[in-house]
Amino acid sequence: MKADIILAGAGLASSLIALALRRARPDLSVLLLDTAPGPSDAHTWSFHDPDIPAAWHKALAPAKRGDWPDQEVRFPTHARRLRAGYNSIDGAGLARLVAEAGAQVIHDATVTDLGAGHALLLDGRRFEAPCIIDGRGPQPGPHLVTGYQKFVGIEIECDAPHGVQRPVIMDATVPQRDGYRFIYLLPFSPTRILIEDTRYSDGADLQDARLARASHDYAAAQGWTGREVRRERGILPIALAHDAAGFWRDRAEGPVPVGLRAGFFHPVTGYSLPVAVEVADLIASLPDLTTGAVRRAVRDFALARAHQDRFLRLLNRMLFRGCPGPERYRLLQRFYRLPEPLIERFYAGRLTWADRLRIVTGKPPIPIRRALPCLPEKPLLKGDT
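Computed from a predicted structure; not experimentally measured. (Residues numbered from 1 in each chain as written. Predicted model: local features only at pLDDT ≥ 70, side-chain atom pairs only at ≥ 80, totals over all residues. Heavy atoms only, no water.)

Engineer: Sorry, what's going on with the overall build of the protein chain here?
Structural biologist: Helix and strand counts for the protein chain come out as 13 helices and 18 strands. Taking 2.2 N^0.38 as the reference for a compact globule, 385 residues should give roughly 21 Å; the C-alpha atoms of the protein chain span a radius of gyration of 21 Å, in line with that estimate. In terms of its C-alpha atoms, the protein chain occupies a principal-axis envelope of roughly 60 × 50 × 35 Å. For the protein chain, with 385 residues in total, the buried portion stands at 56%. Of the roughly 16500 Å² that the protein chain leaves accessible, carbon and sulfur atoms contribute 54%. Across the protein chain, the 51 positively charged side chains and the 43 negatively charged ones have centroids separated by 6 Å. (Helix = DSSP H or I, 4+ residues; strand = E, 2+ residues; numbered from the N terminus. Rg over C-alpha atoms; globule rule 2.2 N^0.38 Å. Buried < 20%, exposed > 50% of the residue type's maximum accessible area, 1.4 Å probe, protein only. Areas by Shrake-Rupley, 256 points an atom, 1.4 Å probe, with all protein chains shown as cover. Lys, Arg positive; Asp, Glu negative; His and termini not counted. Charge placed at Lys NZ, Arg CZ, Asp CG, Glu CD.)

Engineer: How should I be thinking about the pattern of salt bridges in this particular structure?
Structural biologist: Opposite charge on two side chains makes pairing possible when the charged atoms of those side chains draw close. Going through the model one piece at a time under the given rule, you end up with 34 salt bridges. The residue R125 makes a salt bridge to D123 at a minimum N-O spacing of 2.8 Å. Taking the relative accessible area as the measure of exposure, R125 reaches 28% and is therefore partly exposed. A salt bridge links E228 to R231, with the nearest nitrogen and oxygen atoms 2.9 Å apart. Owing to a relative accessible area of 31%, E228 belongs among the partly exposed residues under this scheme. Salt bridges sharing partners connect three or more residues here, namely R65, E155, E157, R192, R230 and E232. (Salt bridge = Lys/Arg side-chain N within 4 Å of Asp/Glu carboxyl O.)

Engineer: Just to check I follow, could you spell out the nonpolar core for this structure?
Structural biologist: Ranked by size, the top nonpolar core spans 47 residues in total, and within it L16, L60, I133, L273 and I283 carry the most contacts. The residues contacting L273, other than those within four sequence positions of it, are L12, L16, W45, S46, F47, I52, L60 and I89. Membership of the second largest hydrophobic core comes to 45 residues, among which are M170, A241, F320 and I359. (Core = buried A, V, L, I, M, F, W, Y, C linked by side-chain atoms within 4.5 Å. Contact = heavy atoms within 4.5 Å.)

Engineer: What is the right way to look at the sheet that holds strand β8 (residues 104–106) in this model?
Structural biologist: Pairing between the strands of a sheet is mediated by backbone hydrogen bonds and can be parallel or antiparallel. Strand order across the open sheet formed by five strands is β8-β2-β1-β12-β18, with parallel pairing between neighbours. Every other strand in the sheet has two partners, leaving β8 and β18 (256–257) as the edge strands with one partner each. Contacting β1 (5–8), β2 (30–33) and β12 (131–134), helix α1 (residues 12–24) runs over the sheet at an angle of about 170 degrees to β2. (Pairing = 2+ DSSP bridges. Axes fitted to C-alpha atoms, helices over the stretch in contact; angles between N-to-C directions.)

Engineer: Looking at this structure, how should I read the layout of surface pockets?
Structural biologist: A probe matching the size of a water molecule, rolled over the atoms, marks out where space remains unfilled. The calculated volume of the second largest pocket comes to roughly 390 Å³. Along its surface, the second largest pocket is lined by 21 residues, and P138, Q139, P140, G141 and L144 are the ones closest to its centre. Every element with two or more residues in the lining of the second largest pocket is listed here: β13 (144–158) and β17 (226–242). In terms of residue class, the lining of the second largest pocket is made up of 13 nonpolar, six polar and two charged. (1 Å grid on protein atoms, 1.4 Å probe; cavity = no way out; pocket = protein on both sides within 12 Å on 5 of 7 lines; lining within 4 Å. Points joined across faces, edges and corners; volume = space filled by probe spheres on them. Nonpolar A, V, L, I, M, F, W, Y, C, P; charged D, E, K, R; others polar.)

Engineer: Looking at this model, I keep getting lost on unusual backbone geometry. Mind explaining?
Structural biologist: Glycine aside, negative phi is the norm for most residues, and most peptide bonds take the trans geometry. The phi dihedral of D108 falls on the positive side, at around 55 degrees, and the residue is not glycine. For D108, the location among the structural elements is in the loop between β8 and β9 (111–114).

Engineer: Explain the side chain of E72 to me, please; I cannot follow it from the model alone.
Structural biologist: Take E72: it is sitting in strand β5 (residues 71–75). Those residues in contact with E72 that sit more than four places away from it in its chain are R80, R81, L82, R166, P167, V168, I169 and M170.

Engineer: Sorry, what's going on with the side chain of R181 here?
Structural biologist: Considering the arrangement of structural elements, one finds R181 in strand β15 (residues 180–187). A residue is classified by how much of its surface remains accessible, and R181, at 4% relative accessible area, is buried. Within polar-contact distance, the side chain of R181 engages the side chain of D197 at 2.7 Å. In contact with R181, not counting residues within four places along its chain, are A172, V174, P175, Q176, D197, T198, R199 and A214. (Polar contact = N/O pair within 3.5 Å; in protein donor to acceptor, adjacent residues only side chain to side chain.)

See below:
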């Protein structure tokens, strides 16, 4: 009942850490504990080519469901084809990589107590390790104020080719409802396509049946007929304000949080794979794999990242607090007219100061009278609106 590393949760963040550790230190015993009954294809994670290093492209290649040379966006007065490659992996493919890497996964494992050196399961089993990492997904708290990216996706096998040649990461030509709304399309084959109705909303309520119906209606409007073969849903945080220092002060003991549990995601897009790759590489590079050493390294990374992401959280406050829901698409429509290298750096989380200036100069994305109240971040953390 002992291991070198125990990871609570077998989602994206934990799985990538397991892969990085087994690649760097194949002598380590890595154990993942997950509540799910087994591997699932219920999740799709996507990323742009420039988001991650070449070594990770190679490592994740066997898990990819899709690998496209370009992508596009569509808005009421602007459409654009973007040259950056786009990739998608699913949960089943990622689980296969983890198993092939030699990490052990125990399913149906509900953790009731997780400490700095142990994990206790509901069935009474106890596991011990010098390093315990917690990747069990987001946990509400006072140090992160968010809006929400909500979606329900349907994957359909069409009766005839659908004609979509590349991912459409945003089709905002649809009626705007519940905040900023767009359709996300992934063409996995000439006849297989994922259609996600996505909303950037103030509330976390997700009406699954309504959004699934909206996706089916979109398919019908395109003339696509066929059968639904898979469905997925998600409610992702979109960061408006973040007190990373306070978060880590509250976690000075116990397991080390990672992934969405630690607020590791792109503040605007919600994409989590690129930052999960960074954290996985960081942990795998440490000579001392104890809970304390990993905590210090991950905390320092988190504090630096939160400081770096201040501008992105400002953009979110302008979107959610400074712009009425039906008008939010205008900010994104304006953004996708910017130079393509800037857009690529935005997705990768590597904006320069010149990029930031370029985003906010020119015609204001929202009126100044609406923008000014969005500037300070601290009032949101105090509960003021």
